[in-house]
Amino acid sequence: MISTRGRYALRVMADLAEQDTERFVPLKEIAKRQEISEKYLEAIVRTLVREGFLKGLSGKGGGYRLTRGPEEYTVGEILELTEGTLAVVACLERGARVCARKQICRTLPMWERFNGMVRDFFFGITLADLL
């Protein structure tokens with residue numbers, strides 16, 4: 001399940017994609033348009049800035065803007081950044097220990113196929129597509 005944090009990160013990124021991408025947009029404006037607490041958004045944009053998805057500028061005329069064009073961000077990468085993983089089961093998470101039952105697991109092929117569908121879906125949608 002995608003958390004509120006992941007959903008709000010997508011809303012922030014889509015909101016910024018709709019704006020003049022050269023202008024720094026104050027967080028207060030984003031929070032108002034998206035009807036999300038500014039305080040809650042601060043933690044989300046901090047992560048997005050730290051990972052290079054957004055550029056932040058402090059002071060008068062400050063705010064946030066995308067570091068790339070909307071067509072260069074996928075929903076999948078934004079969700080993975082905020083959610084940690086999109087793996088549908090723990091054994092398919094990146095870096096997971098190899099399960100002792102892997103060779104005999106009857107359900108693993110199903111989970112791998114479903115996991116692939118989820119990844120293909122979210123990584124096949126860009127911010128530009130959402131607009």
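Below, the structure is looked at part by part. Quick caveat: nothing in here was measured; it's all calculated off a predicted structure.

1. Overview of the pattern of salt bridges
Part 1 of the reasoning: The final tally for this structure, using the stated rule, is 7 salt bridges.
Part 2 of the reasoning: The salt bridge partner of Asp15 is Arg33, with a shortest N-O separation of 2.7 Å. Here the residue Asp15 occupies a position in helix 1 (residues 4–18), and Arg33 occupies one in helix 2 (residues 27–34), the gap between them amounting to 18 residues.
Part 3 of the reasoning: According to the relative accessible area criterion, Arg33 is partly exposed, its value standing at 38%.

2. Some points on helix 3 (residues 38–50)
Part 1 of the reasoning: When the terminal C-alpha atoms of helix 3 are compared, their 18 Å separation across 13 residues agrees well with the 18 Å that a helix rising 1.5 Å per residue should span.
Part 2 of the reasoning: Looking at the packing, one finds that the buried side of helix 3 touches helix 1, helix 2, strand 1 (54–57), strand 2 (63–66) and helix 4 (75–83).
Part 3 of the reasoning: Residue Ser37 occupies the N-cap position of helix 3, its side-chain oxygen lying 3.2 Å from the main-chain nitrogen of Lys39.
Part 4 of the reasoning: A positive phi of about 85 degrees marks Gly52, the residue just after helix 3.

3. Remarks on the packing of helix 4 against helix 5 (residues 108–123)
Part 1 of the reasoning: Contact pair helix 4 / helix 5: the axes reach a minimum separation of 6 Å and the direction vectors enclose 110 degrees. As summarised for this structure, helix 4 and helix 5 are arranged roughly perpendicular, according to the angle between their axes. Residues Val75, Gly76, Glu77, Leu79 and Glu80 of helix 4 touch helix 5, and the partners they reach there are Arg119, Phe122 and Phe123.
Part 2 of the reasoning: A breakdown of the residues in the contact of helix 4 with helix 5 according to their chemical character gives 4 nonpolar, 1 polar and 3 charged.

4. What to know about unusual backbone geometry
Part 1 of the reasoning: Within the chain, Glu35 stands out as a residue other than glycine whose phi angle is a positive 55 degrees.
Part 2 of the reasoning: Along the chain, Glu35 turns up in the loop between helix 2 and helix 3.

5. Details of the side chain of Glu80
Part 1 of the reasoning: Relative to the elements of secondary structure, Glu80 occurs in helix 4.
Part 2 of the reasoning: We classify Glu80 as buried; its relative accessible area is 16%.

6. Observations regarding the nonpolar core
A general trend in soluble globular proteins is that nonpolar side chains are found buried together.
Part 1 of the reasoning: Counting 26 residues, the largest nonpolar core has Met13, Leu41, Leu66, Ile78 and Leu127 as the members making the most contacts within it.
Part 2 of the reasoning: Sorting elements by how many residues they give to this core places helix 1 first, with 7 residues.

7. With respect to the pairing of strand 1
Part 1 of the reasoning: Relative to strand 2, strand 1 is paired through 4 bridges, and the arrangement is antiparallel. Residue pairing across strands places Leu54 opposite Leu66, the latter belonging to strand 2.
Part 2 of the reasoning: Linkage of strand 1 to strand 2, two consecutive antiparallel strands, is achieved through a turn of 5 residues, within which Gly59 is found at a positive phi near 85 degrees.

8. A few points about the environment of Gly59
Part 1 of the reasoning: Relative to the elements of secondary structure, Gly59 occurs in the loop between strand 1 and strand 2.
Part 2 of the reasoning: In this structure Gly59 comes out as exposed when scored by relative accessible area, which is 61%.

Quick notes on the rules
Residues numbered from 1 in each chain as written. Predicted model: local features only at pLDDT ≥ 70, side-chain atom pairs only at ≥ 80, totals over all residues. Heavy atoms only, no water. Salt bridge = Lys/Arg side-chain N within 4 Å of Asp/Glu carboxyl O. Helix = DSSP H or I, 4+ residues; strand = E, 2+ residues; numbered from the N terminus. Buried < 20%, exposed > 50% of the residue type's maximum accessible area, 1.4 Å probe, protein only. Expected span 1.5 Å × (residues − 1). Contact = heavy atoms within 4.5 Å. Polar contact = N/O pair within 3.5 Å; in protein donor to acceptor, adjacent residues only side chain to side chain. Axes fitted to C-alpha atoms, helices over the stretch in contact; angles between N-to-C directions. Parallel < 35°, antiparallel > 145°, perpendicular 65-115°, else oblique. Nonpolar A, V, L, I, M, F, W, Y, C, P; charged D, E, K, R; others polar. Core = buried A, V, L, I, M, F, W, Y, C linked by side-chain atoms within 4.5 Å. Pairing = 2+ DSSP bridges.

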